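A look at the structure
Here is what each chain is made of, one letter per residue.
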Amino acid sequence: LLAPAGMLDQIREAPAIARGARDGCVTCRLDAVYYDTPDRTLCTHGLSLRVRRSDSGYVQTVKRGPVQGRPFARGEWESPVGGSAPDLALLPVSEIGAPLDKLSASTLGPIFATKVLRRTQRLELPGSIVEVAFDEGFLEAGERREPLTEIELEVKAGDARVMYDLGIELLDIA
């Protein structure tokens, strides 16, 4: 969810968050580079590929966009890598399929980067556990730099329908 700049503190203190909070916020720095081919082959096929650096090292992630009728279900594959460059050989390419099965890492280049400070909070909501991440930072592409302020909600266990109610409560605030 995109959040208006300057609103993250207010949203973090929202009753919907406070009611379910079961631990303190964990803060970490996340820097990621997103890769694609010059003609945006991955994007055209509904895929994204990033390599993210965190306190614990580098992880590459491929995500597939939502499928018809399941807007919140996405394929996701991760593997640790030794540095900031992607290593397709470490991914289950046969499971992911086209177009990764026909690409080599040498055809990929950086498209944009994100530099984010993430504050994560675990919520226990009726019948579910939800992780809420508050991200604040920048998106960079070439010489351009734009602020990035967003909230990510992820059901870790239980009924995904709690997301709707939580989202509506947060929408009332910002």
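This is a predicted model, so every value here is computed, not measured. (Residues numbered from 1 in each chain as written. Predicted model: local features only at pLDDT ≥ 70, side-chain atom pairs only at ≥ 80, totals over all residues. Heavy atoms only, no water.)

1. Regarding the overall build of the protein
- Scanning the protein from terminus to terminus reveals five helices and seven strands.
- The helix and strand sequence of the protein, counted from the amino end, reads α-α-β-α-β-β-β-α-β-β-β-α.
- In summary, the protein has a C-alpha radius of gyration of 17 Å against a globular reference of 16 Å for 174 residues, a match within 12%.
- Each principal axis of the C-alpha atoms in the protein carries an extent, and together these give about 50 × 35 × 30 Å.
- Buried residues in the protein amount to 36% of all 174 residues.
- Considering only intrachain contacts with a sequence separation of at least 6, the fraction spanning at least 24 residues in the protein is 54%.
- When the accessible surface of the protein is split by element, carbon and sulfur atoms take 54% of a total near 10200 Å².
- With 21 positive and 26 negative side-chain charges, the protein shows a separation of 1 Å between the mean positions of the two kinds. (Helix = DSSP H or I, 4+ residues; strand = E, 2+ residues; numbered from the N terminus. Rg over C-alpha atoms; globule rule 2.2 N^0.38 Å. Buried < 20%, exposed > 50% of the residue type's maximum accessible area, 1.4 Å probe, protein only. Contact = heavy atoms within 4.5 Å. Areas by Shrake-Rupley, 256 points an atom, 1.4 Å probe, with all protein chains shown as cover. Lys, Arg positive; Asp, Glu negative; His and termini not counted. Charge placed at Lys NZ, Arg CZ, Asp CG, Glu CD.)

2. Re unusual backbone geometry
- For the peptide bond that leads from alanine 98 to proline 99, omega is 0 degrees, which places it in the cis range.
- By the secondary structure assignment, proline 99 is in the loop between α4 (93-96) and β5 (109-125).
- One non-glycine residue, arginine 40, adopts positive backbone phi at about 60 degrees.
- If you trace the backbone, arginine 40 turns up in the loop between β1 (26-36) and α3 (41-44).
- On the basis of relative accessible area, arginine 40 is assigned to the partly exposed category, the value being 36%.

3. Quick notes on the environment of phenylalanine 138
- Positionally, phenylalanine 138 belongs in strand β6 (residues 128-141).
- When its relative accessible area of 33% is taken as the criterion, phenylalanine 138 is described as partly exposed.
- Each C-alpha atom, one on phenylalanine 138 and one on glycine 82, is 24 Å from the other, the two residues being 56 residues apart in sequence.

4. What to know about the side chain of threonine 37
- Along the chain, threonine 37 falls in the loop between β1 and α3.
- The class of threonine 37 is buried, set by a relative accessible area of 4%.
- A polar contact is formed between the side chain of threonine 37 and the side chain of aspartate 39, at a distance of 2.6 Å.
- When residues no more than four places from it in sequence are discounted, the contact partners of threonine 37 are Leu103, Thr107, Leu108 and Ile111. (Polar contact = N/O pair within 3.5 Å; in protein donor to acceptor, adjacent residues only side chain to side chain.)

5. Here we look at helix α5 (residues 162-173)
- Helix length check: α5 (12 residues) gives 17 Å between terminal C-alpha atoms against 16 Å at 1.5 Å per residue, within 8%.
- Within the span of α5, buried status applies to Val162, Leu166, Gly167 and Leu170. Projected onto a plane normal to the axis of α5, the buried residues spread over an arc of 125 degrees and lie on a single side. Those residues of α5 that are exposed and angled more than 90 degrees off the buried face are Tyr164, Leu171 and Asp172. (Expected span 1.5 Å × (residues − 1). Arc of directions from axis to C-beta.)

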